[in-house]
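Structural overview for review
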Amino acid sequence: MSLPFQPLPGLRNPHLQTLIGHWFPGRLRLPSGRRLIFQLPDQDQIALHINHPPHWMKRRGLAVLIHGMGGSAQSRYMKRVMYLLIQQGCLGVRVDLRGCGHSLSISKRPAHGGCSQDVLAVLQFLHQSYPHLPIVLAGFSLGGNIVLKAMAESKAAGDLDVAAAVAVNAPIDMAKCSQLLEMPRNRIYETFFMRDLWQLAFRRQVYFPDQPPPRWSDLQHLRDFDEQYTAPLNGFRNAGDYYAQASSYPLIKQIGRPTLLLTARDDPFIAVEPYEAVVGLPSVQVVIAPHGGHLGFLGHDGAGGIRWMEQTVVRWLMGHLQ
């Protein structure tokens, strides 16, 4: 692990960490790459964005990144982490989950927080395409939950040569996190997520007119969106059933490869208690920083920058590619 997280002066507040961390872009420039359309087992398609380092060191491995709710391969944290991994000589793959980014028009089903089988299908494809490259995997926010679920469910992780994984600020107990989002102090975040998801659903209707989005007036909470849209389109009975089946928390003890769970105790809407309950598992390292907010972690990173989270993720992954 890298140095412990210390927030920048004046940025101990979790909301400042979360909001400034989101809106301040940082380094976003990536080398040119290519977009690959990948067909999932159920015939839906998603987009994979592949970036080669300028001087690719093939022995360094392949890094796969999974975005969070309402995000895409173009999300700023995805591009910042990928930039650092490419600088380390890794081949990089950023995934657009179903209904997100360039997958918007080519996947009939929307993404959800438990779509680990999609990630496993991508990993199998990449392993077959680059059989001599070890794979490392990172997921952010809801993408972190998907990554953990995939790591726990895959009995073939050794065959896929998944060297290590990281999940950052993952809602490993989705029901608890949904309850936190409904608190008045978190209304700004819940409204942001609901509006983002509703707009995505509205845009998807252009391509899939049989899937009208819920009426905005009917959405009081994110749970309402999941109840009316995410759950039924993905075969769950309701939002409660979706949260129960999609949460990675009950499965984390099954993970057999080195995995880092990184979160902040003051994250406004990620429940910390489930993280405390999985401390001490043999293959899982849990780091709960006192501060950092949600995907913020603005503090000295030991490399001359202030993006502590990004450097920590890259150091962990590269440490398992030596």
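Up top is the structure these notes are about.
Quick summary incoming for the structure in this document. (Residues numbered from 1 in each chain as written. Predicted model: local features only at pLDDT ≥ 70, side-chain atom pairs only at ≥ 80, totals over all residues. Heavy atoms only, no water.)

Let us look at the environment of Pro 134. If you trace the backbone, Pro 134 turns up in the loop between helix 3 (116-129) and strand 5 (135-140). A residue is classified by how much of its surface remains accessible, and Pro 134, at 18% relative accessible area, is buried. For the pair formed by Pro 134 and Asp 161, sequence separation is 27 residues and the distance between their alpha carbons is 5.3 Å. With sequence-adjacent residues up to four places away left out, Pro 134 is seen in contact with Gly 61, Leu 62, Asp 161, Ala 163 and Leu 321. (Helix = DSSP H or I, 4+ residues; strand = E, 2+ residues; numbered from the N terminus. Buried < 20%, exposed > 50% of the residue type's maximum accessible area, 1.4 Å probe, protein only. Contact = heavy atoms within 4.5 Å.)

The next thing to look at is the nonpolar core. Leu 62, Val 64, Val 95, Leu 123 and Leu 137 are the most contacted members of the largest nonpolar core, which has 58 residues in total. Residues in contact with Leu 137, not counting those within four places in the same chain, are Val 64, Ile 66, Val 119, Leu 123, Val 147, Met 151, Ala 164, Ala 165, Val 166 and Leu 317. In terms of nonpolar packing, the next biggest core, distinct from the first, is built from 35 residues, Ala 138, Phe 297, Met 309 and Met 318 among them. (Core = buried A, V, L, I, M, F, W, Y, C linked by side-chain atoms within 4.5 Å.)

Turning our attention to the packing of helix 8 (residues 222-233) against helix 9 (residues 239-246). Between helix 8 and helix 9, the shortest axis-to-axis distance is 8 Å and the interhelical angle comes to 85°. Judged by the inter-axis angle, helix 8 sits roughly perpendicular to helix 9. Contacts from Leu 222, Arg 223, Asp 226, Glu 227, Thr 230 and Ala 231 in helix 8 reach Ala 239, Gly 240, Tyr 242 and Tyr 243 in helix 9. Residue classes in the contact of helix 8 with helix 9 are distributed as five nonpolar, two polar and three charged. (Axes fitted to C-alpha atoms, helices over the stretch in contact; angles between N-to-C directions. Parallel < 35°, antiparallel > 145°, perpendicular 65-115°, else oblique. Nonpolar A, V, L, I, M, F, W, Y, C, P; charged D, E, K, R; others polar.)

Here the focus is the side chain of Asp 241. Topologically, Asp 241 is positioned in helix 9. Looking at Asp 241, its side chain comes within polar contact range of the main-chain nitrogen of Arg 237, at 3.0 Å. (Polar contact = N/O pair within 3.5 Å; in protein donor to acceptor, adjacent residues only side chain to side chain.)

This part is about helix 7 (residues 187-207). The terminal C-alpha atoms of helix 7, which comprises 21 residues, lie 31 Å apart, in line with the 30 Å expected from a rise of 1.5 Å per residue. By the burial criterion, the buried members of helix 7 are Tyr 189, Glu 190, Phe 193, Met 194, Leu 197, Leu 200, Ala 201 and Arg 204. One side of helix 7 carries all its buried residues, which in axial view fall inside an arc of 130°. Set apart from the buried face of helix 7 by more than 90 degrees, the exposed residues are Ile 188 and Val 206. In the core, the buried residues of helix 7 are packed alongside helix 1 (14-23), helix 6 (174-181) and helix 8. (Expected span 1.5 Å × (residues − 1). Arc of directions from axis to C-beta.)

Packing of helix 6 against helix 9 leaves a shortest axis separation of 8 Å and a crossing angle of 125°. Taken together, the axes of helix 6 and helix 9 lie oblique to each other. Across the interface between the two elements, Met 174, Ala 175 and Ser 178 from helix 6 touch Tyr 242, Tyr 243 and Ala 246 from helix 9. Looking at side-chain class alone, the contact of helix 6 with helix 9 contains five nonpolar, one polar and no charged residues.

A few words on the packing of aromatic side chains. All told, the structure shown has 13 aromatic pairs when counted by the stated rule. For the pair Phe 5 and Phe 297, a centre-to-centre distance of 5.4 Å together with 80° between the ring planes defines the contact as edge-to-face. With Phe 5 in the segment before helix 1 and Phe 297 in the loop between strand 8 (284-289) and helix 11 (308-319), the pair connects residues that are 292 residues apart, well separated along the chain. Among the aromatic residues, those joined into a ring-pair cluster are Tyr 189, Phe 192, Phe 193 and Phe 269. (Phe/Tyr/Trp six-rings, centres within 6.5 Å; stacked < 30°, edge-to-face > 60°.)

Okay, helix 6 next. The set of residues buried in helix 6 consists of Met 174, Cys 177, Ser 178, Leu 180 and Leu 181. For helix 6, the arc enclosing every buried residue in end-on projection is 160°, short of the 170-degree limit, so these residues lie on one face. Where helix 6 is buried, its residues touch helix 4 (142-153), helix 7, helix 8 and helix 9.

Moving on, we get to the sheet that holds strand 2 (residues 45-51). In space, the eight strands of this open sheet follow the order 1-2-4-3-5-6-7-8, with mixed pairing throughout. Every other strand in the sheet has two partners, leaving strand 1 (33-39) and strand 8 as the edge strands with one partner each. Each neighbouring strand pair of the sheet contributes to a mean axis angle of 20°, computed without reference to strand direction. In this structure, strand 2 lies alongside strand 4 (residues 91-96), joined through five bridges in antiparallel fashion. Along strand 4, the bridge assignment pairs Leu 48 with Val 95. Its contacts with the sheet place helix 11 against strand 5, strand 6 (162-168), strand 7 (259-264) and strand 8, and it is angled at close to 160° to strand 6. (Pairing = 2+ DSSP bridges.)

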